[in-house]
Every structure is written in structure tokens, then in C-alpha cells.
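In case you want the letters, here they are:
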Amino acid sequence: QVQLVESGGGLVQAGGSLRLSCAASGRTFSSYAMGWFRQAPGKEREFVAAISWSGGSTYYADSVKGRFTISRDNAKNTVYLQMNSLKPEDTAVYYCAANAVRPLYEYDYWGQGTQVTVSS
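These remarks concern the structure in this document. None of the values given here were measured: they were computed from a predicted structure.

Thresholds, definitions, all that
Residues numbered from 1 in each chain as written. Predicted model: local features only at pLDDT ≥ 70, side-chain atom pairs only at ≥ 80, totals over all residues. Heavy atoms only, no water. Disulfide = S-S within 2.5 Å. Helix = DSSP H or I, 4+ residues; strand = E, 2+ residues; numbered from the N terminus. Buried < 20%, exposed > 50% of the residue type's maximum accessible area, 1.4 Å probe, protein only. Pairing = 2+ DSSP bridges. Salt bridge = Lys/Arg side-chain N within 4 Å of Asp/Glu carboxyl O.

1. Let's talk about the state of the cysteines
(1) Moving on: Evaluation of the coordinates by the stated rule reveals one disulfide.
(2) Moving on: C22 shares a disulfide with C96; S-S distance 1.9 Å. Since a negative S-S torsion denotes a left-handed disulfide, the C22-C96 link at about 40° is right-handed. One end of the pair, C22, is in strand β3 (residues 18–24); the other, C96, is in strand β9 (residues 92–99), with 74 residues separating them in the sequence. Just as C22 is buried, C96 falls in that class too.

2. Things to note about the pairing of strand β8 (residues 78–83)
(1) Moving on: Within β8, five of the six residues are buried, which leaves the element mostly enclosed by the surrounding structure.
(2) Moving on: By the bridge criterion, six bridges tie β3 to β8 in an arrangement that is antiparallel. The residue bridging S21 from the neighbouring strand is Y80, located in β8.
(3) Moving on: Bridging between strand β7 (residues 68–73) and β8 involves six bridges; their strand directions are antiparallel. Along β8, the bridge assignment pairs D73 with T78.
(4) Moving on: Hairpin connection, β7 to β8: the antiparallel pair is bridged by four residues, and N77 has positive phi, about 55°.

3. Remarks on the pattern of salt bridges
(1) Moving on: Scanning the entire structure with this criterion turns up four salt bridges.
(2) Moving on: Across the pair D90 and R38 runs a salt bridge, and its minimum N-O distance is 2.9 Å. Highlighted residues: D90 in the loop between β8 and β9 and R38 in strand β4 (residues 33–39), separated in sequence by 52 residues.
(3) Moving on: In this structure D90 comes out as buried when scored by relative accessible area, which is 1%.
(4) Moving on: Close ionic contact of R67 with D90 constitutes a salt bridge, the shortest N to O distance being 2.7 Å. Here D90 lies in the loop between β8 and β9 and R67 lies in the loop between β6 (58–60) and β7, a separation of 23 residues in the sequence.
(5) Moving on: Accessibility expressed as a relative area gives 10% for R67, which makes it buried.
(6) Moving on: Through salt bridges with shared partners, a single network forms among R38, E46, R67 and D90.

4. Some remarks on the pairing of strand β11 (residues 114–119)
Here is the key point about a regular strand: its side chains alternate between the two faces of the sheet.
(1) Moving on: Here β11 shows one buried face, formed by T114, V116 and V118, and one open face, formed by Q115, T117 and S119.
(2) Moving on: In the sheet, strand β2 (residues 10–13) pairs with β11 via four bridges, with the strands oriented parallel. Following the sheet pairing, G10 is matched in β11 by V116.
(3) Moving on: Summarising the sheet, β9 and β11 pair through three bridges and their orientation is antiparallel. Paired with A92 across the strands is V116, a residue of β11.

Right, dumping it as C-alpha cells:
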């Protein structure tokens, strides 16, 4: 079991940056693959980025590649999403998630989400 709590969302102008954090409980955080997803109003939840348990492998949706960076600090039980060059279409609730298998796999544990709003 792992519990996830996101933070760092907010309101930012287009072109700006935000860094999301996801703090995880439990002593086995370093064995979990972690992912970030987002859901905009009226749309389905979509994959944003994922990272392997070691941090050695990362994956991104085409829509954020080159603008967003996922990273993790296993000593702090935290995964991050650095978001640069934000666009209004990045507006969504962002969720972090964990699974014990691999980054591009079904996720079992989810946080409550943090709102990101990008104004034009």
C-alpha cells in the first residue's frame, strides 16, 4: 500500500512554470514506478509522464515532451513534475500514481489531484 499526496498546483500565465510534487507514504516507495496523469474538464484522464523505480527510464506524452520533466528522489519518497512553457491547454487536475510493475502499466494507487490553471 502507498498513499500519495500532490502539491504545487496553482494559477500561472501562459509561458510560465510550475513544479508539482507528490509525496508518498510507505517504506517501499523506491520499488514503485510512478506516473503523472491529468484530466481537463469534460475530457478523459490522460497520461502525462512516467518514471521507473530507479529514475533511469522516463516516458512522456507527445503533448508535453520537451516542456515537462519527471524526476524522483527516493530518499524523500517524492516524485516531481517540472512544467515549463505552460500553455492554456495544460489546464487540468494533475494526479500522481504508483504501480509496482513498470512505468507503462496499469496504475493501482492514486493521489487526490492538484489543480493547474494556465491563463492566456
